[in-house]
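Each chain is listed here by its residues.
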Amino acid sequence: MTAHLIDGAAIAAKVRAEVAGLVAQRVAAGKSIPGLATVLVGDNAASQTYVRSKRKASAEVGIESFGHELSKTATQREVEELVVQLNADRRVHGILVQLPLPGGLDEEKVLAAISLEKDVDGFHPINVGRLAMKGRRPLFVPCTPAGCLVLLEEAGAQFRGAQAVVLGRSNIVGLPAAMLLLHRDATVTICHSRSRDLPAICRSADILIAAVGRAQMVRADWVKPGAFVIDVGINRIEDAARKSGYRLVGDVAFDEVKEVAGAITPVPGGVGPMTIAMLLRNTLRGAELADERAVALAAS
Ligand code: NDP
């Protein structure tokens, strides 16, 4: 059996086109241009690349972005003061603090300083808390797990009553992905580095999300025939045939798993493009929330 390939690049392009259309509509209607503020602290090359691509993608859909760069010696107070300033800036509807922050800075405090209504990464403790509770709705859901759910929906996965296994329990991917699946009525198992017999647990999964950061860990005999497999991992492995000397692979051994799974995401071109698309969608939502607040204020 050869799995259906879930084309993250195409699905992300569709989401971006939807966002671009809605942004154009709101601007034509005289509403504000959605604005995304990015905060980059330090000189981590990967973080610089991520922020650049988020700003470029914003521009492509008509979202205005405001880049803020602080040196790696920035103090906790300086970072928090910048966030407070952005909270008050009416042109800004989403604040993205690129993680990880340089050592010595308290990430939790910085994230908690972001206004709940501008928390487009969905990492504010109150948004995370709402996501973790039954019957509560966060204002924003973290982008990568939200993107995983869209990919599953587009591929036709049935969530209700399905056995779902999430490999990884990080705050940014594993845990929120598990919560989203639970809210969709899947029966969810979360695995981590201390879990026993991962292959057997994974084999029970109708839906498998791998977010561990271990190259090609999930093998064909870990996968139930016909399962939906979402590979979040991005890992470099040596490849002498490439000029760079390496290539990117996921947490899933793609070539063998695609022969067993029903549907699978590639790496690259799977989850990666969805993360930015969902950020754009969240920023538009931030602008819509600001409109709703303005209407409520005018009516009060
Ligand atoms: P973290 O390192 O924060 O978390 C990894 C998780 O995997 C932890 O819960 C850890 O367990 C678990 N784990 C590690 N090794 C094993 C193992 N051998 N067996 C079982 N569980 C294991 O990573 P992230 O969640 O931030 O990212 C995961 C992967 O996804 C990375 O490759 C990252 O690059 C990629 N990523 C991709 C994104 C995209 O847009 N495509 C966005 C974000 C991440 P424990 O908790 O016990 O330590």
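None of the values given here were measured: they were computed from a predicted structure.

Re the packing of aromatic side chains
Now for step 1: Under the defined criterion, the tally for this structure stands at zero aromatic pairs.
Now for step 2: Just above the ring of Y246 sits the side chain of R236; from NZ or CZ to the centre is 3.9 Å.

Remarks on the pairing of strand β8 (residues 228-231)
Now for step 1: The alternating pattern of β8 places F228 and I230 on one face and V229 and D231 on the opposite face, and all of these are buried.
Now for step 2: In the sheet, strand β7 (residues 207-210) pairs with β8 via four bridges, with the strands oriented parallel. Within β8, the position partnered with I207 by the bridge is F228.

Remarks on the side chain of D121
Now for step 1: Looking at the secondary structure, you find D121 in the loop between α4 (107-113) and α5 (125-132).
Now for step 2: One buried charged side chain, D121, makes no salt bridge at all; its nearest oppositely charged neighbour is K54, positioned 5.4 Å away.
Now for step 3: Setting aside anything within four residues of it in sequence, one finds D121 in contact with L96, V97, V141, P142, C143 and L279.

Focus on the site of the ligand
Now for step 1: Looking at the ligand, there are 21 residues lining it, with R169, S170, S193, I234 and T275 nearest.
Now for step 2: S170 places a polar side-chain atom, nitrogen or oxygen, 2.5 Å from an oxygen atom of the ligand.
Now for step 3: Contact between the ligand and R214: a nitrogen atom at 3.3 Å from a side-chain N or O atom of the residue.
Now for step 4: Starting from 920 Å² of accessible surface for the ligand in isolation, the protein chains cover 70%.
Now for step 5: With three residues, helix α10 (residues 271-299) is the largest single contributor of residues to the shell around the ligand.

Some words on the state of the cysteines
Now for step 1: A full pass over the atoms with the stated rule returns zero disulfides.
Now for step 2: C191 carries a free sulfur, and the closest cysteine sulfur to it, the one in C202, is 5.5 Å from it.
Now for step 3: C202 sits in the buried class, given a relative accessible area of 1%.

Quick notes on the pattern of salt bridges
Two side chains of opposite charge can pair, provided their charged atoms sit close to one another.
Now for step 1: Applying the stated criterion across every chain, the model contains 14 salt bridges.
Now for step 2: Between E153 and R184 there is a salt bridge; the shortest N-O distance is 2.6 Å. In this pair, E153 is assigned in helix α6 (residues 143-154) and R184 in the loop between α7 (174-183) and β6 (187-191), connecting sequence segments 31 residues apart.
Now for step 3: Of the residues examined, E153 reaches a relative accessible area of 40% and is grouped as partly exposed.
Now for step 4: As a salt-bridge pair, R160 and D185 come within 3.1 Å of each other at their nearest N and O atoms. Here R160, found in the loop between α6 and β5 (163-167), pairs with D185, found in the loop between α7 and β6; they are 25 residues apart in sequence, far enough to count as distant.
Now for step 5: Residue R160 is classed as exposed on the basis of its relative accessible area of 70%.
Now for step 6: A network of salt bridges, in which partner residues are shared, links D239, R242 and R247.

Quick look at the domain arrangement of the protein chain
Now for step 1: Taken domain by domain, the protein chain comprises domain 1 (30-116) and domain 2 (143-272).
Now for step 2: Taking the mean C-alpha position of each, domain 1 and domain 2 sit 29 Å from one another.

Some points on the sheet that holds β7
Now for step 1: Here six strands make up an open sheet; going across it, the order is β1-β11-β8-β7-β5-β6 and the pairing parallel. Looking along the sheet, the strands with just one partner apiece sit at the ends: β1 (4-5) and β6.
Now for step 2: Pairing between β5 and β7: four bridges, direction parallel. When the bridges of β7 are listed, V166 appears paired with I209.
Now for step 3: On the sheet, α7 packs against β5, β6 and β7 and is oriented at approximately 170° with respect to β6.

Looking at the sheet that holds strand β3 (residues 64-70)
Now for step 1: Strand order in this open sheet of three strands is β3-β2-β4, and the pairing throughout is parallel. For this open sheet the edge positions go to β3 and β4 (94-97), each flanked by a neighbour on one side alone. On average, adjacent strands in this sheet sit at an angle of 15° to one another, irrespective of strand direction.
Now for step 2: Inspection of the sheet shows strand β2 (residues 35-41) paired to β3 by seven bridges, in the parallel sense.

Rules behind the numbers
Residues numbered from 1 in each chain as written. Predicted model: local features only at pLDDT ≥ 70, side-chain atom pairs only at ≥ 80, totals over all residues. Heavy atoms only, no water. Phe/Tyr/Trp six-rings, centres within 6.5 Å; stacked < 30°, edge-to-face > 60°. Lys NZ or Arg CZ within 6 Å of the ring centre and 35° of its normal. Buried < 20%, exposed > 50% of the residue type's maximum accessible area, 1.4 Å probe, protein only. Helix = DSSP H or I, 4+ residues; strand = E, 2+ residues; numbered from the N terminus. Pairing = 2+ DSSP bridges. Lys, Arg positive; Asp, Glu negative; His and termini not counted. Salt bridge = Lys/Arg side-chain N within 4 Å of Asp/Glu carboxyl O. Contact = heavy atoms within 4.5 Å. Near = heavy atom within 4 Å. Polar contact = N/O pair within 3.5 Å; in protein donor to acceptor, adjacent residues only side chain to side chain. Areas by Shrake-Rupley, 256 points an atom, 1.4 Å probe, with all protein chains shown as cover. Disulfide = S-S within 2.5 Å. Domains from an automatic or database assignment. Axes fitted to C-alpha atoms, helices over the stretch in contact; angles between N-to-C directions.

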